[in-house]
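Topology and contacts: notes
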Amino acid sequence: MKNLEQKITAAIGTLYGEKCELPLTKTRREFAGDVTLVVFPLLKASRKSPEATAMKVGECLMRDIPEIKEFNVVKGFLNLTLTESFWMNQLAMTEGFNRHDDTGRTVMVEYSSPNTNKPLHLGHVRNNLLGYSVAQILEAAGNRVVKVNLVNDRGIHICKSMLAWQLYGNGETPASSGMKGDHLVGKYYVEFNNRLAEDPSLQEKAQEMLRKWEARDPEVYALWETMNGWVYEGFDVTYKALGVSFDKIYYESQTYLLGKSLVEEGLAKGIFYRKEDGSVWIDLTADGLDEKLLLRGDGTSVYMTQDLGTAVQRFSEEKLDQLIYVVGNEQNYHFQVLKLILSKLCYAWSDAIHHLSYGMVELPEGKMKSREGTVVDADDLIDGMIDTARRMSEELGKLDGVSPEEAAEVSRRVGLGALKYFLLKVDPKKTMLFDPKESIDFNGNTGPFIQYTHARICSILRKGASVDGAESKRMRDEGPDAAPCETINAQELELVKLLTEYPRIVTEAAAELSPAVVANYGYELAKTFNGFYHDCPILREEDAAKRDFRLRLSRQVARTLCLAMGLLGIELPEKM
RNA sequence: GGUCCCGUAGCUCAGUUGGAUAGAGCAACAGCCUUCUAAGCUGUGGGUCAGGCGUUCGAAUCGCCUCGGGAUCACCA
């Protein structure tokens, strides 16, 4: 396709004597043709009407470029029809495609970044799925990707859980209570806030505990390690259920002192300044922002100090071409400042920092608020989706005669597929709505729709292989491109075109950092296949060449759906 | 108040490096299973692309203004 565009650009160049790169677009369904060239930009050079120009260009391209079979002109739109052999070549090329060639670039993706005082909720789920998916997409685009997690394991909020547990916990543990560790710790965080109303002194006690932690008081430190350990065990279960993973995990307890030397550097360069109380600031009012604190009066660091430090550390540890932070849009300001400060400190790589800012997940009644108990817990959500999938499968009779293990696995894939697709099909930057009552669909533009399409194809391929092995026999006897079917019908051609788009979709998704691009493509492909499946017999087709071609298309659709959904972390069942 | 994001069908969302008559799903209604999995397919209805002005052959897409919604501007992280 790229090759074709270059040829067209060259042909137009010789025709009008200037380089004019006109992009090819897909021809709209209601017109004849495969690709369309818009000739309006050529009018100045041609000095003719749009129609005449398009005709002239059409004739010229038709003469010079063998891949073009015919053309038609509608106003300034030149619609080109390409030869079937062109499309068959394109198809053969995509059949060998898994991922793009190495770019030699390394990208670090930071995502998840939880607090250890409460369990993961729906917002974290969007974050985790986005981060993991973007990493997969970048990898498929040919990059080396390092997935990292920066766990916020220290600070006053953790001390609140610890204090409440110490005062009211009676030695309760995950083992004794049967609770998941992160939920147990979360329970005491809530307990703290409840008790605070009647006993305001708790606030000061928590502060005291934080001071002890920073002084490495043995008792406090041991409690901190124990309770964090519980939380990590709980998180691991959730991460595993979601299918996300990390190459490296950073802990703020180990990084929170970083960045102080940068403050010295900034002071020396005169970019930062110190106030009377000893605190250090940067004045960003000239950039339309505010003054920003970088170091407290008592010399302790703040969030920004630490983030400056970790960024510098990461770029010095290895050669990164890009560092992506998957963090909610509530922190847009923070990252704007972070980037600005790094550029003022003259780090050449400050432009390589990118905040992948995603929108909040809202409930029908508005934002999730833990205090009002309106959070949607990640584990509950996952379990609920899997249960729903199982119930639905049973109602539809899909699990009749299936082993319990297989039934569980299908339910798991479908339930998670529905959840992941639901959260990833929406443009990351947009705020999205989740209605627990209506729950997540299993029909229409959903994960299960795509999974179902895949299961159907697998069923055909199983039968196709066992019926007579016609395809493989013909392939053996006559070679891969022997006796191709003579004519491709409209639906087959539509599938071929879509299939050949996949590599470009990966490129686009990587450029936009948007799993939604991949999700929408997968839906489009599945939908197109379902139409084809409905109208065209595959195994029942009597013409052997046609049957083989349709089997080949089906196999490639299944393969492409697997690749695309794999980028979203969605597993496709072979039966459902 | 400053900065940033968003506004497309009743609902949830596609479509924006400017292209032809703005698309899906859900919901509603009407059809299609003795034949490759009906979690599917087909059809009907549903729009001032928030509003206005501008840029141009052409604007949902770019610019300015207005209205509406959200985020943020902590010695929290």
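Look a little higher up for the structure.
Okay, so let's go over this structure. All of these numbers come straight from a predicted model, not from anything done at the bench.

Conventions adopted
Residues numbered from 1 in each chain as written. Chains lettered and ligands numbered in written order. Predicted model: local features only at pLDDT ≥ 70, side-chain atom pairs only at ≥ 80, totals over all residues. Heavy atoms only, no water. Helix = DSSP H or I, 4+ residues; strand = E, 2+ residues; numbered from the N terminus. Buried < 20%, exposed > 50% of the residue type's maximum accessible area, 1.4 Å probe, protein only. Contact = heavy atoms within 4.5 Å. Areas by Shrake-Rupley, 256 points an atom, 1.4 Å probe, with all protein chains shown as cover. Pairing = 2+ DSSP bridges. Axes fitted to C-alpha atoms, helices over the stretch in contact; angles between N-to-C directions. Phe/Tyr/Trp six-rings, centres within 6.5 Å; stacked < 30°, edge-to-face > 60°. Lys NZ or Arg CZ within 6 Å of the ring centre and 35° of its normal. Left-handed = near helix turned anticlockwise from the far one by under 90°. Nonpolar A, V, L, I, M, F, W, Y, C, P; charged D, E, K, R; others polar.

1. Some thoughts on the overall build of chain A
Each helix and strand counted, chain A has 21 helices and 14 strands in total. For chain A, the C-alpha atoms occupy an extent of roughly 85 × 65 × 45 Å along the three principal directions. Here chain A holds 576 residues, and the buried ones make up 51% of them. Across chain A, contacts joining residues at least 24 apart in sequence account for 74% of those joining residues at least 6 apart. Carbon and sulfur atoms make up 50% of the accessible area of chain A, which totals about 27,300 Å².

2. Looking at the environment of Phe 315
Within the fold, Phe 315 resides in helix α13 (residues 303-317). Judged by relative accessible area, Phe 315 falls into the buried class, the value being 11%.

3. Topic: the sheet that holds strand β3 (residues 68-74)
Overall, antiparallel pairing links the 4 strands, which are arranged β1-β2-β4-β3 in an open sheet. Only two strands of the sheet have a single neighbouring strand rather than two, namely β1 (24-26) and β3. With direction set aside, neighbouring strand axes in the sheet form an average angle of 30°. On top of the sheet, helix α1 (residues 2-16) reaches β1, β2 (35-38) and β4 (77-82); it is set at about 130° to β1, its chief contact.

4. Digging into the packing of aromatic side chains
If you walk through the whole model with that rule in mind, you get 20 aromatic pairs. Ring geometry for Tyr 239 against Phe 246: centres 5.2 Å apart, planes inclined by 70°, an arrangement best described as edge-to-face. For the pair shown, Tyr 239 and Phe 246 are each scored as buried. Each ring, one from Tyr 502 and one from Tyr 521, has its centre 5.8 Å from the other, and the planes form 35°; the classification is tilted. Pair noted here: Tyr 502 is in helix α19 (residues 490-512) and Tyr 521 is in helix α20 (residues 515-535), with a separation of 19 residues, a long-range link. Assessed through its relative accessible area of 4%, Tyr 521 is described here as buried. Aromatic ring contacts, followed pair by pair, group Tyr 111, Phe 235, Tyr 239 and Phe 246 into a single cluster. Sitting above the plane of the Tyr 168 ring, Arg 195 keeps its charged end 3.8 Å from the centroid.

5. Some points on the packing of helix α10 (residues 218-242) against helix α15 (residues 378-395)
Here α10 crosses α15 at 40°, and the two axes come no closer than 10 Å. Between α10 and α15 the crossing geometry is left-handed. Of the residues in α15, those in contact with Thr 238, Ala 241 and Leu 242 of α10 are Ala 378, Asp 379 and Ile 382. Classifying every residue of the contact of α10 with α15 gives 4 nonpolar, 1 polar and 1 charged.

6. Describing the environment of Asp 548
As for its placement among the helices and strands, Asp 548 is situated in helix α21 (residues 544-567). Between the C-alpha atom of Asp 548 and that of Pro 436, which follows or precedes it by 112 residues, the distance is 45 Å.

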